[in-house]
Amino acid sequence: MLKVEAIQKSFGEETVLSQLSFTLPSESVMSILGRSGSGKSTLLRILAGLERASSGQIFLEDQEISHWTPQKRNIVYLYQEPLLFPHLNVFENLAFGLRIRKNDPALIHDRVHQMLKDLELEGQDKKMPHQISGGQRQRVNFGRAIIIEPRVLLLDEPFGALDVETRHNMQELFQELRVRHKMTAIFVTHDLKEAMLMGQRLAYMQQGHLKIYSDRSEFLTDPSTEAGREIQFWEKMREEADKKRD
Ligand code: ADP
Ligand code: MG
């Protein structure tokens, strides 16, 4: 379980996160929505250890990890840009995290081939990053993060740059791998539908506060999430279409 207690973060005079607390049970995914600039990336970066909170504590399975290095935390922060190693082929990009952890070569071989299968990238293992498509690079990036079995996976608008079709495929892939790899994750997105699809838990970041919803209906009826407005929009569209048909 991940537990965050009273995290505060200021950049100079600007308070970005204020007294933010939540818990995330193991093997569950929380989606976080929120406007640009509301502090979502800052929160994820603090959890990953890439940024230091001004105050507050982070616990992972009852251990206080606030002062741990990113490596020791084993929390992976995944950004939307697929930052693959340009000089390593697909296989070696996937194997990288296992190699630096000094895993046995036979085990690396098996795990990478299983991952290639999971990602539907069989036969692409010898290609260099520039020889595969953007969507495939995204898959490799994603596979590289989960192959090391991080304790928590932090996804920061990971599919934001993808076309609708590829995005849909990645959402399905994420859901499959989430179950298979028993992932604990936080999924930041500005897409309402994606938030609903990806997370069993839903949260909304607003002015440095994180509001956690007890269920989907509470989330859908909260005016600040704009879900209601979206529903109204589609209902109005349907009514108009129905009227035209009559
Ligand atoms: P989001 O991911 O929700 O769009 P961010 O966490 O990136 O928001 O940013 C939240 C606020 O913190 C913004 O106002 C941003 O300008 C500010 N901020 C983020 N990182 C820094 C930094 N390193 N130095 C100063 N201000 C920052
Ligand atoms: Mg951001």
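First things first, this report covers the structure right here in the doc. Only a predicted model underlies this, so the values are computations on that prediction, with no experimental measurement involved.

Thresholds, definitions, all that
- Residues numbered from 1 in each chain as written.
- Chains lettered and ligands numbered in written order.
- Predicted model: local features only at pLDDT ≥ 70, side-chain atom pairs only at ≥ 80, totals over all residues.
- Heavy atoms only, no water.
- Near = heavy atom within 4 Å.
- Polar contact = N/O pair within 3.5 Å; in protein donor to acceptor, adjacent residues only side chain to side chain.
- Areas by Shrake-Rupley, 256 points an atom, 1.4 Å probe, with all protein chains shown as cover.
- Helix = DSSP H or I, 4+ residues; strand = E, 2+ residues; numbered from the N terminus.
- Nonpolar A, V, L, I, M, F, W, Y, C, P; charged D, E, K, R; others polar.
- Pairing = 2+ DSSP bridges.
- Phe/Tyr/Trp six-rings, centres within 6.5 Å; stacked < 30°, edge-to-face > 60°.
- Buried < 20%, exposed > 50% of the residue type's maximum accessible area, 1.4 Å probe, protein only.
- Contact = heavy atoms within 4.5 Å.
- Axes fitted to C-alpha atoms, helices over the stretch in contact; angles between N-to-C directions.

Now for the site of ligand 1. In the vicinity of ligand 1, the residues found are Phe11, Glu14, Val16, Arg35, Ser36, Gly37, Ser38, Gly39, Lys40, Ser41 and Thr42. Contacts to ligand 1 include Gly37, whose backbone N or O atom sits 2.6 Å from an oxygen atom. For ligand 1, an oxygen atom lies 3.2 Å from a polar atom in the backbone of Ser38. In the complex, 60% of the free accessible area of ligand 1, which totals 560 Å², lies under the protein chains. Those elements that place two or more of their residues in the shell around ligand 1 are β2 (14-24) and α1 (40-48). With 3 residues, α1 is the single largest residue contributor to the shell around ligand 1. Residue classes in the shell around ligand 1 are distributed as 2 nonpolar, 6 polar and 3 charged.

This brings us to the pairing of strand β9 (residues 201-206). By the bridge criterion, 5 bridges tie strand β3 (residues 29-34) to β9 in an arrangement that is parallel. Among the inter-strand pairings, Gly34 is bridged to a residue of β9, identified as Met205. Following β9, the chain reverses through 2 residues before pairing antiparallel with strand β10 (residues 209-212); Gln207 in that reversal takes a positive phi of roughly 45°.

Looking at where Leu47 falls in the secondary structure, it is placed in helix α1. Through-space distance from the C-alpha of Leu47 to that of Ile75 is 7.6 Å; in sequence the pair is 28 residues apart.

Counted according to the given criterion, the structure contains 7 aromatic pairs. When the ring of Phe85 is compared with that of Phe96, the centres are 4.5 Å apart and the planes differ by 45°; the resulting orientation is tilted. One end of the pair, Phe85, is in the loop between β6 (75-79) and α3 (90-100); the other, Phe96, is in helix α3, and 11 residues separate them in sequence. Among the residues examined, Phe85 registers a relative accessible area of 27% and is labelled partly exposed. An angle of 80° between the planes, with centres 6.2 Å apart, marks the rings of Phe142 and Phe159 as edge-to-face. Taken together, the positions of Phe142 in helix α5 (residues 134-146) and Phe159 in the loop between β7 (152-156) and α6 (164-180) put the pair 17 residues apart, joining distant regions of the chain. On the basis of relative accessible area, Phe142 is assigned to the buried category, the value being 1%.

Judged by pairing direction, the sheet is antiparallel, and its 4 strands sit side by side in the order β2-β1-β4-β5 without closing on themselves. Every other strand in the sheet has two partners, leaving β2 and β5 (63-64) as the edge strands with one partner each. Contacting β1 (2-11), β2 and β4 (55-60), α1 crosses the sheet at an angle of about 60° to β2.

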